[in-house]
Amino acid sequence: PGDALAPVVQMQELGRVALMIGDEVWVPEVARCLAIEGVEIVLHPTDWDTAEAGEMAATERAGENRFHLVSVTRIDCPGKLGSQTTLAGEYMGGEPIPLMRYAQGVWARHNVEEQILVDLPRRQAHCKMMGDHLDVLRKRFPQLYGACILPTDQLFTWTNTTKKRPE
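Described in the following lines is the structure provided in the data block. (Residues numbered from 1 in each chain as written. Predicted model: local features only at pLDDT ≥ 70, side-chain atom pairs only at ≥ 80, totals over all residues. Heavy atoms only, no water.)

Some thoughts on the pattern of salt bridges
Thought 1: For the coordinates displayed, the defined rule picks out five salt bridges.
Thought 2: For Glu-40, the salt bridge is made with Arg-122, and the minimal N-O distance between the two is 3.2 Å. Residue Glu-40 is found in the loop between α1 (28–36) and β3 (41–45), and its partner Arg-122 is found in helix α4 (residues 122–126); the two are separated by 82 residues along the sequence.
Thought 3: On the basis of relative accessibility, which here comes to 2%, the residue Glu-40 falls in the buried class.
Thought 4: The partner of Arg-74 in a salt bridge is Asp-76, with the nearest N and O atoms 2.7 Å apart.
Thought 5: Under the relative-accessibility criterion, Asp-76 is labelled partly exposed at 44%.
Thought 6: Within this structure, Asp-47, Arg-74 and Asp-76 form a network of salt bridges that share partners. (Salt bridge = Lys/Arg side-chain N within 4 Å of Asp/Glu carboxyl O. Helix = DSSP H or I, 4+ residues; strand = E, 2+ residues; numbered from the N terminus. Buried < 20%, exposed > 50% of the residue type's maximum accessible area, 1.4 Å probe, protein only.)

Below is the structure:
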């Protein structure tokens, strides 16, 4: 909770590191802002409440912004997932679309206390290319973001037909 993101901090041995907490993986703007600030590794303490939070949201945020995401959860979390590390990945040029779009993750098992060592090449977090003509941070259009800052009650998709919910 709050009105500011965790700062991106330069750590000598790790690189540029930031924090994303719990359900913030569901908010694409949090990850994108950290990526724009040059984060290389995002540390993510969480308590997976659903499998989708880890298998989908966390993996998507790391892949679409090309940073390493280290998510740590308790071994008995309700989402029945273990901790995970998602690698930023690196575009090699000429890759088929299925290979260039999805981040790779390394998972600990649910309900098993274990340590997994993962090499996080800093080079990968600096490669923002997802295709021959797609640099995820350079190809963006901030002038179109106006709808993103409107209150939800002003958005078409969130308009309620009635102010009172049925009881």
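The rest of the description comes next.
Focus on unusual backbone geometry
Thought 1: In the Ramachandran plot, Lys-80 falls in the positive-phi region, its phi being about 60° despite a non-glycine side chain.
Thought 2: Mapped onto the elements, Lys-80 comes out in the loop between β4 (68–72) and β5 (84–87).
Thought 3: Not every positive phi belongs to a glycine, and Asn-111 is a case in point at roughly 65°.

Things to note about the nonpolar core
Thought 1: One finds Met-20, Leu-34, Val-39, Val-42, Trp-48, Phe-67 and Leu-69 to be the most contacted residues of the largest nonpolar core, which totals 22 residues.
Thought 2: Of all the secondary-structure elements, those providing two or more residues to this core are α1 and α2 (51–65).
Thought 3: Filtering out sequence-adjacent residues up to four positions away, Met-20 remains in contact with Val-25, Val-30, Ala-31, Val-42, Leu-43, His-44, Pro-45 and Leu-69. (Core = buried A, V, L, I, M, F, W, Y, C linked by side-chain atoms within 4.5 Å. Contact = heavy atoms within 4.5 Å.)

Brief notes about the side chain of Gln-124
Thought 1: Along the chain, the position of Gln-124 falls in helix α4.
Thought 2: Judged by relative accessible area, Gln-124 falls into the buried class, the value being 12%.
Thought 3: When neighbours within four sequence positions are excluded, Gln-124 is seen to be in contact with Arg-66, His-68, Leu-87, Ala-88, Gly-89 and Glu-90.

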